[in-house]
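Coordinate inspection notes
What follows is each chain in one-letter form.
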Amino acid sequence: MLLALLLPLHGTPAWSADAGASPDKGMDSGAGMVVPAAFPGTGTPAPIRFLLSFDDGPSAAGSGNPTVNILEKLAHNRWQDGIKAIFFTQTRAWNGGNTDVGRQLIKREHEDGHLVAFHSATMFHANHRFMSTKTLDASLERGVADLTSTTGVAPTLVRPPFWAYDAETLELYHKHGMQMLLTDLNANDGKVYGINFSWHKRANMLKHLAETRKRWAAGSMPAVDGSTPVVVTFHDVNTYTSRHIEEYLEILLDVARELEMPVAAKPFYDERAELERAAMAATVRDAQAKPALPGLWNWLWQ
Ligand SMILES: [Zn+2]
């Protein structure tokens, strides 16, 4: 971690302070209310359904491309074929979205039935809160135009780099037709200086889902189409993640079982429109909401 502190990969690591939490406050800080209760007081909450999302891609690697591997594994794996996910893409990344390989992969993500969304339209993974209004406005316009020309559809969802947002960034996202989706679970698989493996994948997911369970049991998470979406974040540029995605899926199912959380008959989303409805219900629309972020300390690097 010290090494990580000293050698930022994606520009300056930024403290996403707007989450309203600090490491010493722990995961219980804040109300953790993402959205108002959809069905308060109606008894058992709807079973959970994992909404998979992938940040920072696509990769432009010519061989062993991790984004390609993720797409193949989502289509065919041991747990559920035809999984559809959200890809929060970086359209101008010098080593990804802004290359021919990258643009082809964004197109493929859309054609394969996934939901392509926006993460950044700068050469590097830049913090939106550090940009002037004018710069961010132009950046969002560029990103929306990039994705619209590549997929034929304007993005409806955005996830801020470093999870850093404030009232102004949120307002600009809305101005450009996008709602902001954060996450319930985080694989903490952001690519960190060559240390791209996770030591405690299962323990980490268990911890984050246990936190989510409190909100789920309290009826404070939205139910959509009969399920409670639980947003999970990975990084498709991470070759470790791409090689272990089936294991991650197994871990999700396993920790849900351990926490006695019923899972939908199809545990993962498999239809884009339904995926988008679920994601929309989980978006943060108000800068004052300040949801608790899972494993915030680790989020610094992503
Ligand atoms: Zn990112």
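These remarks concern the structure in this document.

**Looking at the overall build of the protein chain**
- In terms of regular secondary structure, the protein chain is built from 9 helices and 8 strands.
- Burial analysis of the protein chain (302 residues in total) assigns 47% to the buried set.
- Of all intrachain contacts in the protein chain linking residues separated by at least 6 positions in sequence, the fraction that spans at least 24 positions is 82%.

**Digging into the environment of Met 178**
- Following the sequence through the fold, Met 178 ends up in the loop between α5 (167–175) and β5 (179–180).
- Given 22 C-beta atoms within 10 Å, Met 178 falls into the buried group.
- If sequence neighbours within four positions are ignored, Met 178 has contacts with Phe 118, Pro 155, Thr 156, Leu 157, Val 158 and Tyr 173.

**Examining helix α6 (residues 201–217)**
- The end-to-end C-alpha separation of α6 is 24 Å, in line with the 24 Å expected for 17 residues at 1.5 Å each.
- Within the span of α6, buried status applies to Asn 204, Met 205, His 208, Leu 209, Thr 212, Arg 213, Arg 215 and Trp 216.
- The secondary structure elements touched by the buried residues of α6 are β1 (48–55), β6 (185–186), β7 (228–235) and α7 (239–258).
- Looking at the residues trailing α6, positive phi occurs at Gly 219, about 75 degrees.

**Observations concerning the environment of Arg 215**
- With respect to the helices and strands, Arg 215 occurs in helix α6.
- Arg 215 sits 170 residues away from Pro 45 along the chain, and the two C-alpha atoms are 10.0 Å apart.

**As for the nonpolar core**
- Counting 60 residues, the largest nonpolar core has Leu 51, Leu 52, Ile 86, Ala 117, Val 232 and Ala 279 as the members making the most contacts within it.
- Beyond its immediate stretch of four places on either side in the chain, Val 232 contacts Phe 50, Leu 51, Leu 52, Ser 53, Thr 183, Asp 184, Leu 185, Ala 187 and Leu 252.

**Focus on the pairing of β1**
- Within β1, 8 of the 8 residues are buried, which leaves the element mostly enclosed by the surrounding structure.
- Of the two faces of β1, the one lined by Ile 48, Phe 50, Leu 52 and Phe 54 and the one lined by Arg 49, Leu 51, Ser 53 and Asp 55 are each fully buried.
- As judged from the 8 bridges shared by β1 and β7, these two strands associate in the parallel manner. The residue of β7 that forms the bridge with Phe 50 is Val 230.
- Pairing of β1 with strand β8 (residues 263–268), which is carried by 2 bridges, proceeds in the parallel orientation. Looking at β8, one finds that Phe 50 is bridged to Phe 268.
- Bridge count for β1 against strand β2 (residues 86–90) is 3 bridges, and the pairing is parallel. Counted as the bridge partner of Asp 55 is Phe 88 from β2.

**Some thoughts on the pairing of strand β3 (residues 115–120)**
- Most of β3 is tucked away, with 6 of its 6 residues classed as buried.
- In this structure, β2 lies alongside β3, joined through 5 bridges in parallel fashion. Following the sheet pairing, Phe 87 is matched in β3 by Val 116.
- Handedness of the β-α-β unit built from β2, helix α3 (residues 100–111) and β3 comes out right-handed.

**Quick word on unusual backbone geometry**
- Each neighbour pair has its own omega, and for Gly 57 with Pro 58 the value is 0 degrees, a cis peptide bond.
- Along the chain, Pro 58 falls in the loop between β1 and α2 (66–75).
- Although it is not a glycine, Asp 56 adopts a positive phi angle of roughly 80 degrees.
- Within the secondary structure layout, Asp 56 lies in the loop between β1 and α2.
- Given 27 C-beta atoms within a 10 Å radius, Asp 56 is considered buried.
- With phi around 60 degrees, Phe 162 is a residue other than glycine that occupies positive phi space.
- By secondary structure assignment, the location of Phe 162 is in the loop between β4 (157–158) and α5.

Thresholds, definitions, all that
- Residues numbered from 1 in each chain as written.
- Predicted model: local features only at pLDDT ≥ 70, side-chain atom pairs only at ≥ 80, totals over all residues.
- Helix = DSSP H or I, 4+ residues; strand = E, 2+ residues; numbered from the N terminus.
- Buried ≥ 20, exposed ≤ 12 C-beta atoms within 10 Å, placed from the backbone.
- Contact = placed C-beta atoms within 7 Å.
- Expected span 1.5 Å × (residues − 1).
- Core = buried A, V, L, I, M, F, W, Y, C linked by C-beta atoms within 7 Å.
- Pairing = 2+ DSSP bridges.
- Right-handed = clockwise from strand over helix to strand, strands pointing away.

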